[in-house]
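Listed below, chain by chain, are the residues.
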Amino acid sequence: MSRHFYTEARSGLVQILRERGITNEAVLQAFGSVPREQFVSDPFKQRAYEDIALPIDKHQTISQPYTVARMTELLEVKPGHSILEIGTGSGYQAAILAEMGVTVYTIERHFELYNAARSILKELFQGTSIQCRFGDGTIGWSEYAPYDGIIVTAGAPEIPDALLKQLSIGGHLIIPVGSEKSQVMHCVVREDENNYADYPLEDVSFVPLIGKQGWSGI
Ligand code: SAH
């Protein structure tokens, strides 16, 4: 596939996201810049700019672009923010955030995915804007807390306490909560030291969040 094909397809995706109701120009601009085809394996590259989730290794998925855009909008990021992502997967969501001028801390529990994402992210974003970690993200990453926003890209049985604690005051935690098959997207805003406002939003379907404060699994 030629570079021209991908450039055209990328602007087509931005158009689709606009039509689906994404209005944040910084988010749309990031989608117009990040090469999604580089985050999927060869057989799927041609379909990289359709608004669909695609399979990646380890039976996981790169989320549907609309979902990535919607969650990014809900985070209300500003350049210079530091954002924690649980579930690096392909690394695409992390790349969208980095493209928006955010410092990204991202955690993945599958070593192969962590490794692959880390190398593509390093290639696309030299410098220090993205830090990858291999491990269980349900306990957060206390070293760099508090975060201006936390995004969980896997479905949780409940909101992990550790993540609430690592959110800065005024920060947004975006997390799908529900069963292993279907969830409701929640936007939790930390109002002050001890108070959180929890806004349940639309129905979604994510792969399960597996870990200490998630589902149990291998
Ligand atoms: N944000 C990703 C979506 C990947 S799917 C992207 O843009 O491609 C969700 C990912 O969450 C999977 O890779 C899965 O392995 C990972 N995951 C599930 N539970 C986790 C946990 N406790 N800690 C870190 N990663 C986890």
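Residues numbered from 1 in each chain as written. Predicted model: local features only at pLDDT ≥ 70, side-chain atom pairs only at ≥ 80, totals over all residues. Heavy atoms only, no water.

Student: Give me unusual backbone geometry: which residues, what numbers.
Tutor: Residue Pro 146 is reached from Ala 145 by a cis peptide bond, and omega for that bond is 0 degrees. Tracing the sequence through the fold places Pro 146 in the loop between strand 5 (130-134) and strand 6 (147-152). Despite not being glycine, Lys 58 has its phi angle at roughly 65 degrees, a positive value. Topologically, Lys 58 is positioned in the loop between strand 1 (54-56) and strand 2 (60-62). With a phi angle near 55 degrees, Glu 76 is a residue other than glycine that sits in the positive phi range. The topology assignment puts Glu 76 in the loop between helix 4 (65-75) and strand 3 (82-86). (Helix = DSSP H or I, 4+ residues; strand = E, 2+ residues; numbered from the N terminus.)

Student: Kindly report on the side chain of His 81, identifying the contributing residues and their values.
Tutor: Along the chain, the position of His 81 falls in the loop between helix 4 and strand 3. According to the relative accessible area criterion, His 81 is buried, its value standing at 19%. Non-local contacts of His 81, meaning those with residues more than four positions away in its chain, are made with Glu 76, Val 102, Thr 103 and Asp 148. (Buried < 20%, exposed > 50% of the residue type's maximum accessible area, 1.4 Å probe, protein only. Contact = heavy atoms within 4.5 Å.)

Student: Let's hear about the sheet that holds strand 9 (residues 196-204): which residues, and what values?
Tutor: The strand order 5-4-3-6-7-8-9 describes an open sheet built from seven strands, whose pairing is mixed. In this open sheet, the two edge strands, each paired with only one partner strand, are strand 5 and strand 9. Between one strand and the next, the sheet's axes are offset by a mean angle of 15 degrees, whatever the strand orientation. Across seven bridges, the pairing between strand 7 (residues 167-178) and strand 8 (residues 183-190) is antiparallel. In the sheet register, Leu 173 faces strand 8, and the bridge partner there is Val 188. Lying over the sheet, helix 5 (residues 92-99) contacts strand 3, strand 4 (103-108), strand 5 and strand 6, oriented at roughly 170 degrees with respect to strand 4. Where helix 6 (residues 111-124) meets the sheet, it contacts strand 4 and strand 5, and its direction lies at approximately 165 degrees from that of strand 5. (Pairing = 2+ DSSP bridges. Axes fitted to C-alpha atoms, helices over the stretch in contact; angles between N-to-C directions.)

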